[in-house]
Structure formats: structure tokens, C-alpha cells
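Here are the chains, one letter per residue:
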Amino acid sequence: MTIAVPTACRGLRLDSLLDAAGAWLLALIWIAPLLFAVWASLMPSGHALDFSGSVAPTLDNYQNAWNAAPWGLYFRNTLLLVSFTLVGQLILCTLAGYAFARFEFVGRELVFMLVLLQLFILPEVLIVENYAMISRLSLFDTIAGMGLPYVASAFGIFLLRQAFKSVPVELEEAARIEGCSWLGVLWRVYVPAAKPVYLAYALVSVATHWNNFLWPLIVTNSAETRPVTVGLSLFGAPESGVNISTISAATVMVVAPLMIAFLIFQRQFIQAFLRAGIR
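Here is a short report on the structure shown in this document. (Residues numbered from 1 in each chain as written. Predicted model: local features only at pLDDT ≥ 70, side-chain atom pairs only at ≥ 80, totals over all residues. Heavy atoms only, no water.)

Within the chain, the secondary structure is distributed over 13 helices and zero strands. For the chain, the succession of helices and strands along the chain, N to C, is α-α-α-α-α-α-α-α-α-α-α-α-α. Dimensions along the principal axes, computed over C-alpha positions, put the chain at roughly 85 × 75 × 35 Å. Burial statistics for the chain: of 279 residues in total, 36% are counted as buried. Taking as baseline every contact in the chain between residues at least 6 positions apart, the subset at least 24 positions apart corresponds to 73%. Total accessible area on the chain is roughly 16,600 Å²; 70% of this is exposed by carbon and sulfur atoms. (Helix = DSSP H or I, 4+ residues; strand = E, 2+ residues; numbered from the N terminus. Buried < 20%, exposed > 50% of the residue type's maximum accessible area, 1.4 Å probe, protein only. Contact = heavy atoms within 4.5 Å. Areas by Shrake-Rupley, 256 points an atom, 1.4 Å probe, with all protein chains shown as cover.)

What follows is the structure in C-alpha cells.
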């Protein structure tokens, strides 16, 4: 006995297959440059484009790349930069998000809209003004000078405001009855409730400022403050000789920490945005 499959079910199955095929195709296009960088980094010099499989892979390119530039200093500077920026963002965005979510004051919605307007302004547009301000503050060629213009994050304020608005008001009232101050309520009620959002935002912030290039290039002059992105651009400059295998090894070293962090926290990252990103 033959069971006929409804036409609607067949169309739905075809749509699902097309969606899956499209997702795989986009994933392959996205990851292709990274796969090539990994492949080239393992090939001997002059064989980066050899895909025959006849050349034995080697890790010498990583050793050569590491010895050719002060990468330890670059990584230290980058860690200091992302830490300084993230700590400043978390403090400022937490206080601002809490104020916009729970306090009533004249012009609150207007001020919040003005904050969101920052999302429509490219950081490159403000480079001249930021440069002038950093120079006046004598923060040129410092970690603080690189991170200070990014401490006020409209995206972080918006995300934490949305997370705080989803916390039941009854929890706040109970904490107030127990004698907590406004900062006590924030620390004991709102911050613990928004932990997944903090983790997701931290990943976004670290990835953004780890990969930031133009502003650090402008405000740094020495290796003592130079981050990995600027160091990588100088390392791969034509004046220092172009070796695709060695440059690919250096590129993989720079992006590997971010890839590992995302693979470890990807579930919390996605769940946080699905739960609190759009409310």
C-alpha cells in the first residue's frame, strides 16, 4: 500500500534542504580564508599554494614568526587594552542601563534616543576630535589613550537596559524592604540576573577591541604600547619581505585566542542575546 506524501510537506522539506544548503555554503565562504591561513601556515616557505598534499606540514613558520617580532609585548598590550576598555564599559554601561531601566526623570526617553544615535556614527568620523582630546589629556601612545574613546558604549547601555527591564520589580522591592540602597539593589539583584548578558557583551567587546586597527595605529608610536593588530600590519609590510607562510602563521596566532574563546562560550553567547538582546 502506497502512502502519498502531501505536496505541502514536499515543499516544506525542499525549503528546509535549501535553507540548510545555503547555510553550509555561507559557512564555507566565511571560513575559507581562515582555512587557507591555517593551511599556508603549515606549509614550508614557497609552498603555501601547493595543494597537492605532497609537501609535509611543518610548525617552523610559527617559530619563525614568533622570533621575528615582539609578539609577547604585543599580546600583553592587547590584553591590557581590552581589559581597560571592558572594565570601563561594564561600569559605565551598568550605571547608565540601570538609570534608564528603573529611574524616572525628565527627558529620559530623549536622552536614551540620543545615546542610541551613537550607534549610527562610525568611530572613524570622530578620529580627529578623539585625537585632539587624547593629545590634550597627554594620553598619546598609552593604553588609556587607545581605550578611553570606547568606554561609553551605546550598544552596551542598550543591552543592559533591556536586561534590567526584564527583571521582576518584585525582586527590587523585596531588596529595598531588606534595607538595600539603590546601589545595593543593583549589585545584589540586577547584576546577578544579567550575568549571561554580561558574558555575551564581554565577548563582543573583547573581539571588537582585539581587532581594532585604525585608532591604535594613529595613537601609538612604539612597540611598548602597540597591540597585535598594528604589530601584524607592520610584520606583514612589503618592506620586511613577503613570506605568505610566515605571515599566515602570525595571522593564525593573532586570531586563535578569539576563536578559542568563542568556541568555549558560544552557547552562553547565543542564549544571552536570544533571551535579553531584543525585549
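Scanning the entire structure with this criterion turns up 13 aromatic pairs. An angle of 90 degrees between the planes, with centres 6.4 Å apart, marks the rings of Y98 and F164 as edge-to-face. Residue Y98 is found in helix α3 (residues 71-102), and its partner F164 is found in helix α7 (residues 154-165); the two are separated by 66 residues along the sequence. Using a relative accessible area of 0% as the deciding quantity, one classes F164 as buried. For the pair Y98 and Y190, a centre-to-centre distance of 5.3 Å together with 50 degrees between the ring planes defines the contact as tilted. In this pair, Y98 is assigned in helix α3 and Y190 in helix α9 (residues 182-193), connecting sequence segments 92 residues apart. Across the pair, Y190 and Y98 agree in class, each one buried. Feature note: the residues Y98, F103, F164, W182 and Y190 constitute an aromatic cluster, connected by ring pairs. Cation over ring: R161 sits above F112, and NZ or CZ is 4.1 Å from the ring centre. Between the NZ or CZ atom of R176 and the centre of the ring of W182, over which it lies, the distance is 4.1 Å. (Phe/Tyr/Trp six-rings, centres within 6.5 Å; stacked < 30°, edge-to-face > 60°. Lys NZ or Arg CZ within 6 Å of the ring centre and 35° of its normal.)

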